[in-house]
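Observations on the three-dimensional arrangement
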Amino acid sequence: MNSKWNKVIYKLWAPIYDLFFAKGPFKRARESIYSSVRFAEGDRVLFVGVGTGADFMHIPVSELTVTAIDYSKDMLAKAKEKAGGQLIDFLEMDAQQLDFPNDSFDWVIGSLILSVVPDGEKALEEMVRVVKTEGHILIFDKFVPKEGSQNIFKKLIRPVVRLLGTDIGLSFEKIMGVSRNRVRIKEDSGILFNGMYRKIVLQKK
Ligand SMILES: C[S@@+](CC[C@H](N)C(=O)[O-])C[C@H]1O[C@@H](n2cnc3c(N)ncnc32)[C@H](O)[C@@H]1O
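Residues numbered from 1 in each chain as written. Predicted model: local features only at pLDDT ≥ 70, side-chain atom pairs only at ≥ 80, totals over all residues. Heavy atoms only, no water.

**Thoughts on the UniProt feature "domain: Methyltransferase type" (unreviewed entry) in the chain**
If you check UniProt for "domain: Methyltransferase type" (unreviewed entry), the listed places come out as residues 48-139 in our numbering. From the first C-alpha to the last, residues 48-139 spans 10 Å; its make-up is 24% helix and 30% strand. (UniProt positions renumbered as here; feature names shortened; annotations may be inferred. Helix = DSSP H or I, 4+ residues; strand = E, 2+ residues; numbered from the N terminus.)

**Focus: the side chain of Arg-30**
Along the chain, the position of Arg-30 falls in helix α3 (residues 24-35). When its relative accessible area of 3% is taken as the criterion, Arg-30 is described as buried. (Buried < 20%, exposed > 50% of the residue type's maximum accessible area, 1.4 Å probe, protein only.)

**Some thoughts on the packing of aromatic side chains**
One pass over the full model with this rule turns up 16 aromatic pairs. Considering the side-chain rings of Phe-26 and Phe-140, the 6.4 Å spacing of their centres and the 55° angle between planes classify their relative orientation as tilted. Of this pair, Phe-26 sits in helix α3 while Phe-140 sits in strand β5 (residues 131-142); the two residues are 114 residues apart in sequence, bridging distant segments of the chain. Of the residues examined, Phe-26 reaches a relative accessible area of 6% and is grouped as buried. Clustering of aromatic rings is evident, with ring pairs tying together Trp-13, Tyr-17, Phe-20, Phe-21, Phe-26, Phe-140, Phe-193 and Tyr-197. The positively charged end of Lys-7 is found above the aromatic ring belonging to Tyr-71, 4.3 Å away from the centroid. If you follow Arg-44 out to its NZ or CZ, it ends over the ring of Phe-105, 4.8 Å from the centre. (Phe/Tyr/Trp six-rings, centres within 6.5 Å; stacked < 30°, edge-to-face > 60°. Lys NZ or Arg CZ within 6 Å of the ring centre and 35° of its normal.)

**Regarding the nonpolar core**
In this structure, Tyr-34, Phe-39, Phe-47 and Phe-56 are the most contacted members of the largest nonpolar core, which totals 39 residues. Apart from residues lying up to four places away in sequence, Phe-39 is in contact with Tyr-34, Val-45, Ile-59, Pro-60, Leu-64, Trp-107 and Ile-109. The next biggest cluster of nonpolar side chains, apart from the first, holds 28 residues, and it includes Leu-98, Ile-137, Ile-175 and Leu-202. (Core = buried A, V, L, I, M, F, W, Y, C linked by side-chain atoms within 4.5 Å. Contact = heavy atoms within 4.5 Å.)

Okay, structure coming up:
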């Protein structure tokens, strides 16, 4: 993936994004993901690549201290609109270079972002860096299966899908890279489209 292209493509996505990714199966997947997430009152929560804020309706924003970053002004504008009067700190920032000190957040949430940034491994390292020890990283994203080979059709359409701003050929196990030693995997379950999309919960050691 390419950062400059992401800016262009997410400018185009911004007005219509929610029609695809905040409704129907994606809405149900998000509901299911958050139904088992237990935030504590006052938790500091960071959304990385918040997009239009499609996750906001599934969390108790008023009980939390929420920060949301994205690389695209246009997506952030949509998220601000969606937040209405809710207190959320919105910042334009690169997921691969988070401008926060180490150990800053109780929860770091990365929905559909590791498959979008140019370097998913680096973005995950940053998420691990800024989450507190014993804090959680919640990932909702699409990855290739852990075992077996990727479907040939997906291999063929991968370059076209990348032009739309996302990659359908990434392995989470590879993205884990050096982060592997710094986290425990608390949950890794298929959540949508036969397990293509997964809910992954990591806890920092
Ligand atoms: C597929 S959308 C996901 C949005 C949202 N998290 C969701 O679940 O619907 C990917 C988002 O990542 C943002 N993005 C792309 N590259 C980024 C980067 N390097 N740093 C931060 N955000 C980035 C895009 O602007 C877009 O809003």
